[in-house]
Amino acid sequence: MNQVVISGTGLFTPPHAISNEELVASFNRYVTRYNTEHADAIASGQREALVESSAEFIVKASGIQSRFVLDKDGVLDPERMKPYLPERGNEELSVQAEMAVHAAREALENAGRSAADIDMVIVACSNLQRAYPALAIEVQDALGIDGFAFDMNVACSSATFGIQTAANAIASGQARAVLMVNPEICSAHLNFRDRDSHFIFGDACTAVVLERADLAVSAQRFAVLGSKLATLFSNNIRNNAGFLNRCDERGSGALDKLFVQQGRKVFKEVCPMVGEHIVSHLAELALEPSAVQRFWLHQANLGMNELIARRVLGREANRDEAPVILDRYANTSSAGSVIAFHLYSRDMAAGQVGVLSSFGAGYSVGSVVLKKY
């Protein structure tokens, strides 16, 4: 079996940032208008008045202070409150593929590789903009890569599941090198009119090059010591958007066609699941949690990350041990843990160990244990 390394990563950050203050101002204008329009129904008890949001509430609930989006004007327009992303012709590069290509080129450059070195492309993300042809095949074509490509979706855990899939292909000799990309347009499936979740997500795309260790040439390499995946069915995080929606018009425009969650249940159930998962994975590799220098955790909620790190280490983790990027990127679904790895791994010394972990809808949880070359 071939030893596998991560030899390069890439990141696409959208050009537009939205602060909590900007988001709250838009949301509160919507609330004021709604409550005014439905004043009589609210007074009679037929409707509930909407409650305003605040920047302080968002930080306390999540640790998020800002987020990047592909379209800012549409999101902040109280009449619209969703991004405006014009449809493209079938012969044009799609929005997600464009994001993926940008991040992929940086990952390839950092790995010291070209398209000719890649045998397999995976696009792994929470929401694909179409059913087919596969986004991965479009990315493969845009980059001029031979071999094969496919899409996969395990929601926020898509990146770790994609890394294991890539690592298995390389270890078995099916591919020399694999490009795994996570284009997330979370703003398109977020309900910006929901006070409890309108602040959660941002847009971004990450890319990872994995390859045989004996062929790698990059200066920054991380050996994949092992990966571990788990799933447990839950309805507590759900998105019912799909092609069957048109088959029952009663559901048209329903809130469950966007991101919905029962946040308190998710927090209570996912944190122990992830903590135990990481500890058991390290034990399988004969590693103690104290031997891990860095945890690149899924960037969904600051409280969740702090609790998970505490469960693993038995103490509070500092920001060097568990880097935080969600304050400025928000939750970017599958891209979050890879953004943290991309931005906070170069300073590690040879021989140091880190854990890249994701968790989310499904429930799903994945962990990848890495060792710096």
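Note: the structure precedes this text.
These lines cover the structure that appears in this document, whether it is placed above or below.

Criteria and cut-off values
Residues numbered from 1 in each chain as written. Predicted model: local features only at pLDDT ≥ 70, side-chain atom pairs only at ≥ 80, totals over all residues. Heavy atoms only, no water. Core = buried A, V, L, I, M, F, W, Y, C linked by side-chain atoms within 4.5 Å. Buried < 20%, exposed > 50% of the residue type's maximum accessible area, 1.4 Å probe, protein only. Helix = DSSP H or I, 4+ residues; strand = E, 2+ residues; numbered from the N terminus. Contact = heavy atoms within 4.5 Å. Polar contact = N/O pair within 3.5 Å; in protein donor to acceptor, adjacent residues only side chain to side chain. Salt bridge = Lys/Arg side-chain N within 4 Å of Asp/Glu carboxyl O. Expected span 1.5 Å × (residues − 1).

**Brief notes about the nonpolar core**
For step 1, the next point in the chain: Core analysis: the largest hydrophobic core is formed by 52 residues, its most contacted members being Ile278, Phe295 and Ile308.
For step 2, the next point in the chain: Broken down by secondary-structure element, the contributors of at least two residues to this core are helix H1 (20-37), helix H4 (73-76), helix H8 (263-284), strand E11 (292-297), helix H9 (302-313), strand E12 (353-360) and strand E13 (364-372).
For step 3, the next point in the chain: Aside from chain neighbours lying at most four places away, what touches isoleucine 278 is Phe295, Leu297, Ile308, Val312, Val355, Ser357 and Ser367.

**A closer look at the side chain of serine 62**
For step 1, the next point in the chain: Counting through the fold element by element, serine 62 comes out in helix H3 (residues 55-62).
For step 2, the next point in the chain: A residue is classified by how much of its surface remains accessible, and serine 62, at 3% relative accessible area, is buried.
For step 3, the next point in the chain: A distance of 2.7 Å separates a polar atom in the side chain of serine 62 from the backbone oxygen of isoleucine 58.
For step 4, the next point in the chain: Residues in contact with serine 62, not counting those within four places in the same chain, are Phe199, Asn301, Leu302 and Leu326.

**What to know about the pattern of salt bridges**
For step 1, the next point in the chain: As enumerated under the stated definition, the model contains 17 salt bridges in all.
For step 2, the next point in the chain: Between glutamate 211 and arginine 113 there is a salt bridge, with its nearest N and O atoms 2.9 Å apart. Within this pair, whereas glutamate 211 is found in strand E7 (residues 203-212), its partner arginine 113 is found in the loop between helix H5 (95-111) and strand E4 (120-124), the two being separated by 98 residues in sequence. The pair glutamate 211 / arginine 113 is uniform in exposure class, with both members buried.
For step 3, the next point in the chain: The salt bridge involving glutamate 284 is made with lysine 228; its shortest N-O contact spans 2.8 Å. One end of the pair, glutamate 284, is in helix H8; the other, lysine 228, is in strand E8 (residues 222-231), and 56 residues separate them in sequence.
For step 4, the next point in the chain: Its relative accessible area of 22% is what places lysine 228 among the partly exposed residues.

**Description of helix H7 (residues 158-171)**
For step 1, the next point in the chain: Across its 14 residues, H7 extends 20 Å between first and last C-alpha, which sits within 8% of the 20 Å expected from 1.5 Å per residue.
For step 2, the next point in the chain: With respect to burial, H7 is a largely interior element, 12 of its 14 residues being buried.
For step 3, the next point in the chain: Listing the buried residues of H7 in full gives Ser158, Ala159, Thr160, Phe161, Gly162, Ile163, Gln164, Ala166, Ala167, Ala169, Ile170 and Ala171.

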